[in-house]
Amino acid sequence: MQMNKTHRSVFIKEVKEAFPELRDKINKQYGLLNLEMHAFLDFVQEQINVGNRENVIKAFQIVERHFKNGNGSWFGEGES
């Protein structure tokens, strides 16, 4: 079964909903995916450092789901 490909904005929205404490930091990144991802990466690394297994698992599940169904813009292929 083919799934619809997700846009980066759907991923960012889900991250902000799953981790409200990250919303302001992501919103300050000028809508640039590389900076938004850096903010997310820093957050996930901090969760790993403090041993917050629940948040780490949730973050990896979100990334995996959207990576599998991404629309190519993650790789500079443009939007489909």
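None of the values given here were measured: they were computed from a predicted structure. (Residues numbered from 1 in each chain as written. Predicted model: local features only at pLDDT ≥ 70, side-chain atom pairs only at ≥ 80, totals over all residues. Heavy atoms only, no water.)

What exactly am I supposed to notice about the side chain of Q29 here?
Tracing the backbone shows Q29 in the loop between α2 (23–27) and α3 (33–50). Q29 gets classed as buried once you look at its relative accessible area, which sits at 16%. When residues no more than four places from it in sequence are discounted, the contact partners of Q29 are L35 and E36. (Helix = DSSP H or I, 4+ residues; strand = E, 2+ residues; numbered from the N terminus. Buried < 20%, exposed > 50% of the residue type's maximum accessible area, 1.4 Å probe, protein only. Contact = heavy atoms within 4.5 Å.)

Would you take a moment to explain the packing of α3 against helix α4 (residues 53–68) for this structure?
Relative orientation and spacing of two packed helices are given, respectively, by the angle between their axes and the distance between those axes. Close contact between α3 and α4 brings their axes to 9 Å; oriented N to C, the two are set at 145°. When the axes of α3 and α4 are compared, the crossing they make is left-handed. Within the contact between the two elements, α3 uses F40, F43, V44, Q47 and I48 and α4 uses N55, V56, A59, F60 and V63. For the contact of α3 with α4, a count of residues per class yields eight nonpolar, two polar and no charged. (Axes fitted to C-alpha atoms, helices over the stretch in contact; angles between N-to-C directions. Left-handed = near helix turned anticlockwise from the far one by under 90°. Nonpolar A, V, L, I, M, F, W, Y, C, P; charged D, E, K, R; others polar.)

Please clarify how the environment of L33 should be interpreted in this entry.
Take L33: it is sitting in helix α3. Sequence separation between L33 and S9 is 24 residues; the distance between their C-alpha atoms is 8.9 Å.

How should the packing of aromatic side chains be read in this particular structure?
Aromatic ring pairs are defined here through the distance separating the ring centres and the angle between the ring planes. The tally for this structure, following the rule as stated, stands at three aromatic pairs. A centroid spacing of 5.8 Å and a plane angle of 85° characterise the contact between F11 and F40, whose relative ring orientation is edge-to-face. On the criterion of sequence distance, the pair formed by F11 in helix α1 (residues 8–18) and F40 in helix α3 is long-range, its members being 29 residues apart. The burial state of F11 is the same as that of F40; both residues are buried. Between F19 and F43, the aromatic rings sit 4.9 Å apart at their centres with planes inclined by 55°, giving tilted as the arrangement. One end of the pair, F19, is in the loop between α1 and α2; the other, F43, is in helix α3, and 24 residues separate them in sequence. Through pairs of rings, three or more aromatic residues link up here, namely F11, F19, F40 and F43. (Phe/Tyr/Trp six-rings, centres within 6.5 Å; stacked < 30°, edge-to-face > 60°.)

Would you mind going over the pattern of salt bridges with me for this structure?
Any two side chains of opposite charge can pair, on the condition that their charged atoms come close. Under the definition given, this model contains three salt bridges. Taking the shortest distance from any N to any O, the salt bridge between E17 and K13 comes out at 4.0 Å. Of this pair, E17 and K13 both sit in helix α1, four residues apart, which is roughly one turn of that helix. A residue is classified by how much of its surface remains accessible, and K13, at 52% relative accessible area, is exposed. For the salt bridge of R65 with E14, the shortest nitrogen-to-oxygen distance reads 2.2 Å. Of the two residues, R65 sits in helix α4 while E14 sits in helix α1, which places them 51 residues apart along the sequence. (Salt bridge = Lys/Arg side-chain N within 4 Å of Asp/Glu carboxyl O.)

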